[in-house]
Amino acid sequence: MIKLSQQFSQISESQTVALSGMMAELKRDGVDVVALGAGEPDFDTPDSIKEAAITAIHKGYTKYTPADGIFELKQAITEWLADEYGAEYDPSQIVITCGAKHAVYQAIAAVCNPDDQVLLPAPYWVSYPEQIKLAGAHPVILPAKQEQGFKVTPEQLENALNDRIKLIILNNPSNPTGAVYSETELNSLVDVLASKSVFVLADEIYDKIVFKSNFVSLLKFSSIRERLLLINGVSKSFAMTGWRIGFLAADKSIIAGIRKFQGHTTSNPASVSQYAALQAYRGDKTFISKMVAEFAKRREYLYDRLMNIAGIECVPPQGAFYFFPDVSVFFGKKGNGQPIKNSLQLCQYLLQEHKVGAVPGSAFGMDTHVRLSFATSMEILEKAMDRIEEGLNALQ
Ligand SMILES: Cc1ncc(COP(=O)(O)O)c(C=O)c1O
């Protein structure tokens, strides 16, 4: 029997795999299933970006690029960082990556030694704990409960930081909760961080998708800039998930290390996608506000529907495109005779009996909740919410 390496064996199977399998099976059988599981905008990539990619192909930009990405794109990103956030970066402080996901992994691997610890607020994006483990480090979970708006407090941070913690991950706006830190909240967290030597990984991939609040970036705080690993990309803001372009902005020495690593692992992010991303950063951005206005309508709708279901508790998201309601009131009840004890079982019940897909909170380190995405049409949202309401009300 084949035995995988220790490194690979320790990666957990995604908790949603069983559900995805179930969903695929139902669809194969011709069952009309609707799902609120999407982690990507349902909008099409803007035409001007597609055109830029087509032009790049015709011009023959179809060869290897420098490992850290084409200079023009790195420069466009420094200009974008300056315009959006007033942050001064040099192209030598930027590396273009195969999606923000690979930027996160490489940032962790660049600063963590084996057995270092990484402070990870929960609920967290599913890939963080596995990436930390793959990098040889250990996640230390910091619970950010619903009562605190799913945000860590300065007191929590002060108590949790110690010499073994090399890095903290702050995902703002958050997947899965949609929580967005205010400037005051960030200020008090930065006060704590500034007095320590910990690296700060800021995953701000949802920065442009915010509702009723201004987004404040960690780029604003010069006291931690030297230790800041800033991650962003085109996937969510420009509806470009499949193009696989993200970036990391950080100290030159970190970028130089990642350039070597990337050069030996992926060579470079896809050349054509880099030209598409160049157009995204340099071109017209009205697409974003139109998309966010549409998300805002769906967010209102979903909130009303959720508030109409007895027992559900929910903090409306300030950013990203997810709701993360507390559904623990339904645990201990029975669905079609089967007891429901956790978020996975609740999602299995909803899918099997009511043909609607949601993502269990256990995948994000909070088993009392489920994640519902509104990156889908109003028509699907309505249908899905009818089924969720019916399913939850049917529990006994
Ligand atoms: C918080 C967070 N970070 C990073 C990513 C990865 O983005 P990309 O598709 O650019 O790799 C995602 C995608 O779902 C995400 O939700």
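Whatever comes next refers back to the structure up there.
Residues numbered from 1 in each chain as written. Predicted model: local features only at pLDDT ≥ 70, side-chain atom pairs only at ≥ 80, totals over all residues.

Asks: Help me understand the overall build of the protein chain, please; the structure alone is not making it clear to me.
Replies: When helices and strands are counted, the protein chain shows 13 helices and 14 strands. Taking 396 residues into account, the globule formula puts the C-alpha radius of gyration at 21 Å, and the protein chain, at 21 Å, falls close to it. In terms of overall dimensions, the protein chain has C-alpha extents of about 60 × 55 × 55 Å along its principal axes. Looking at the protein chain as a whole, 46% of its 396 residues are labelled buried. Nonlocal contacts in the protein chain, meaning residues at least 24 apart in sequence, comprise 75% of its contacts between residues at least 6 apart. (Helix = DSSP H or I, 4+ residues; strand = E, 2+ residues; numbered from the N terminus. Rg over C-alpha atoms; globule rule 2.2 N^0.38 Å. Buried ≥ 20, exposed ≤ 12 C-beta atoms within 10 Å, placed from the backbone. Contact = placed C-beta atoms within 7 Å.)

Asks: Would you mind going over the environment of A375 with me for this structure?
Replies: Tracing the backbone shows A375 in the loop between β14 (370-373) and α13 (378-393). It is 13 Å that separates the C-alpha atoms of A375 and G178, two residues lying 197 residues apart in sequence. Residues contacting A375, with those up to four places away along its chain left out, are A38, E40, P41, D42 and F321.

Asks: Honestly, helix α8 (residues 183-194) in this entry has me stumped. Any pointers?
Replies: Along an α-helix, a turn takes 3.6 residues, which lines up residues three or four apart on a common side. In this model α8 runs 16 Å from its N-terminal to its C-terminal C-alpha over 12 residues, within 8% of the 16 Å that 1.5 Å per residue would give. Within α8, the full set of buried residues consists of L186, L189, V192 and L193. Buried residues of α8 fall within an arc of 120 degrees about the axis and therefore sit on the same side. On its buried face, α8 is in contact with α7 (154-160) and β6 (199-203). (Expected span 1.5 Å × (residues − 1). Arc of directions from axis to C-beta.)

Asks: How should the nonpolar core be read in this particular structure?
Replies: For soluble globular proteins, nonpolar side chains are generally found buried alongside one another. Among the nonpolar cores identified, the biggest contains 120 residues, and A107, V200, L229, L230, I231 and L248 are the most heavily contacted of them. Residue contributions to this core peak at 8 residues, all from helix α5 (residues 99-111). Summarising the domain contributions, this core has at least three residues from each of domain 1 (6-44 + 287-393) and domain 2 (48-283). Excluding residues that lie within four positions of it along the chain, V200 makes contacts with I168, L170, L193, L218, I224, R227, L228 and L229. (Core = buried A, V, L, I, M, F, W, Y, C linked by C-beta atoms within 7 Å. Domains from an automatic or database assignment.)

Asks: Can you help me understand the packing of helix α11 (residues 286-307) against α13 in this one?
Replies: Contact geometry of α11 with α13 gives a least axis separation of 11 Å together with a crossing angle of 10 degrees. Judged on the interaxial angle alone, α13 and α11 are roughly parallel. Facing R298, Y301, L302 and R305 of α11, the residues of α13 in contact are M378, L381, M385 and E389. Its residues assigned to classes, the contact of α11 with α13 shows 5 nonpolar, no polar and 3 charged. (Axes fitted to C-alpha atoms, helices over the stretch in contact; angles between N-to-C directions. Parallel < 35°, antiparallel > 145°, perpendicular 65-115°, else oblique. Nonpolar A, V, L, I, M, F, W, Y, C, P; charged D, E, K, R; others polar.)

Asks: Looking at this model, I keep getting lost on the sheet that holds strand β5 (residues 165-171). Mind explaining?
Replies: Within a sheet, each strand pairs with its neighbour through backbone hydrogen bonds, oriented either parallel or antiparallel. If you trace the 7 strands from one edge of the open sheet to the other, you get β2-β8-β7-β6-β5-β3-β4, paired in mixed fashion. The open sheet terminates on both sides in strands that have one partner only, identified here as β2 (94-98) and β4 (138-143). For this sheet, the mean angle separating the axes of adjacent strands, direction not counted, is 25 degrees. Note that β5 and β6 share 5 bridges and pair parallel. Looking across to β6, one finds that N171 is bridged to D203. (Pairing = 2+ DSSP bridges.)

Asks: Where do I start with the sheet that holds strand β13 (residues 359-360) in this structure?
Replies: Taken in spatial order, the 3 strands of this open sheet run β9-β14-β13, and their pairing is antiparallel. Every interior strand has two partners, whereas the edge strands, β9 (322-323) and β13, have only one. Here β9 runs beside β14; their pairing, made up of 2 bridges, is antiparallel. Each bridged residue has a counterpart across the sheet, and for F323 the counterpart in β14 is L372.

Asks: Could you clarify how one ought to interpret the site of the ligand in this entry?
Replies: G99, A100, K101, N175 and S235 are the nearest of the 14 residues found near the ligand. Considering each element in turn, the shell around the ligand owes the most residues, 4 residues, to α5. When grouped by side-chain class, the residues that make up the shell around the ligand number 4 nonpolar, 8 polar and 2 charged. (Near = placed C-beta within 6 Å.)

Asks: Quick question: what am I supposed to make of the pairing of β5 here?
Replies: Look at any regular strand and the pattern is simple: side chains alternate between the two faces of the sheet. β5 sits mainly inside the fold: 5 of its 7 residues count as buried. The pairing of strand β3 (residues 117-122) with β5 spans 3 bridges and is parallel. Considered in β5, the bridge of V118 is made with L167. What joins β5 to β6 is α8, and the crossover it makes is right-handed. (Right-handed = clockwise from strand over helix to strand, strands pointing away.)

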